[in-house]
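One-letter residues, chain by chain:
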Amino acid sequence: MKKILGFLTALVLFVSCAAAWAEGEWAEERKAAREFTAGFTAALTDRDMLTFVMLYGNENSYVLGETALRDMERDRWILSEEYDGAFSLCDINGEPTGVLLYTEHGTLDEPIVTMNAMFQEDMNVAYCGFDGIVGIHANDPDEYWYPDPTGMELAGLLEETGECINLWNGLVNWLVTDFGAEESEEGIYEAKIALEDGRTLYVSSHDSQVWISLKGFY
C-alpha cells in the first residue's frame, strides 16, 4: 500500500512539475497571444464580419448582403444552381470548389445572404484573417487564437513542417471566447453576432472553414 501511495505521490509531483515547466516554456507565447487577442474583435467592423475572401487568383473579397452572384461571375467564377436553391461555386476550369452560395430568392442578381464553405476541403476561404494556415503569417489569428492545451502539439508540428494547414481550431476558439458560440449535437459551433446596423450574423464552424449567413443556421 505504501509503495502504491508513494508511486501516486511521485506521479502527482511529476505532473505538477511538467505543468509548471510548460507554463514557463510558453509564457512569452501566451503573453503575445493575450496582447493580440485582447483588441482583435473590437477592431473589426460590420463589413469585416460580413466579408469572406476566396484564396484563389487575386484573393477577391465578397460581402454578404452586398455582393451579388453576378459580381462573382464577372470575376470568372462559374455558378451552378443546385436543387435546393443553392449555387455551387466552380473555378474558371469548371472544377467544383465545394463552396455553396445562397441568395434571398435564388437569383444571380441578388446579394449573397449565405456562404457555406464548412464541408469543403478543396479551397481555403479566409474569414476575418483566419485561413486555417498556421506558422507563416505575422500577427496570424489562426496561431494566436489556437487553444493553449494544444500549444505544444502545434509547436511540434511547426518544427517538423514549418507550417500547418487546415487548422481551424483558432477560428472556433475565437467564436467561443468572444461571441459565446455553442456546440450543437452535430459538433458544430454556432455563434449569433449582433451587428451595429441591427442585423444578426450567424457564423458556424466544426473545426473547419466557415459558414456565414444573414438568414440563420442552415
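The preceding data block contains the structure.
Residues numbered from 1 in each chain as written. Predicted model: local features only at pLDDT ≥ 70, side-chain atom pairs only at ≥ 80, totals over all residues. Heavy atoms only, no water.

**Let's talk about the overall build of the protein chain**
In step 1: Looking only at helices and strands, the protein chain has seven helices and 11 strands in total.
In step 2: With 218 residues in all, the protein chain has 43% of them scored as buried.
In step 3: When contacts within the protein chain are restricted to residue pairs at least 6 apart in sequence, those whose partners lie at least 24 apart make up 50%.
In step 4: Split by element, the accessible area of the protein chain, about 12,300 Å² in all, is 52% carbon and sulfur. (Helix = DSSP H or I, 4+ residues; strand = E, 2+ residues; numbered from the N terminus. Buried < 20%, exposed > 50% of the residue type's maximum accessible area, 1.4 Å probe, protein only. Contact = heavy atoms within 4.5 Å. Areas by Shrake-Rupley, 256 points an atom, 1.4 Å probe, with all protein chains shown as cover.)

**Quick look at the environment of P141**
In step 1: Its place among the elements puts P141 in helix α5 (residues 141–144).
In step 2: Note on P141: relative accessible area 6%, which makes it buried.
In step 3: Sequence separation between P141 and F40 is 101 residues; the distance between their C-alpha atoms is 8.6 Å.
In step 4: Those residues in contact with P141 that lie beyond four places of it in its chain are F36, F40, C128, G129 and F130.

**A closer look at the sheet that holds strand β1 (residues 51–54)**
Two orientations exist for strands paired in a sheet by backbone hydrogen bonds: parallel and antiparallel.
In step 1: With respect to topology, three strands assemble into an open sheet ordered β2-β1-β7, the strand pairing being antiparallel. Two strands close off the open sheet at either side, each with one partner strand: β2 (61–63) and β7 (125–126).
In step 2: Inspection of the sheet shows β1 paired to β7 by two bridges, in the antiparallel sense. Among the inter-strand pairings, V53 is bridged to a residue of β7, identified as A126. (Pairing = 2+ DSSP bridges.)

**Things to note about the side chain of D140**
In step 1: Examined against the element boundaries, D140 turns out to sit in the loop between β7 and α5.
In step 2: Its relative accessible area of 2% is what places D140 among the buried residues.
In step 3: For D140, the side chain forms a polar contact with the main-chain nitrogen of D142, separated by 3.0 Å. (Polar contact = N/O pair within 3.5 Å; in protein donor to acceptor, adjacent residues only side chain to side chain.)

**Examining the pairing of strand β5 (residues 96–103)**
In step 1: As defined by bridge partners, strand β4 (residues 87–90) adjoins β5 across three bridges and the pair is classed as antiparallel. Counterpart to C90 in the pairing with β5 is P96.
In step 2: If you look at the hairpin formed by β4 and β5, you'll find five residues sitting between the two strands, and G94 has a positive phi there, around 85°.

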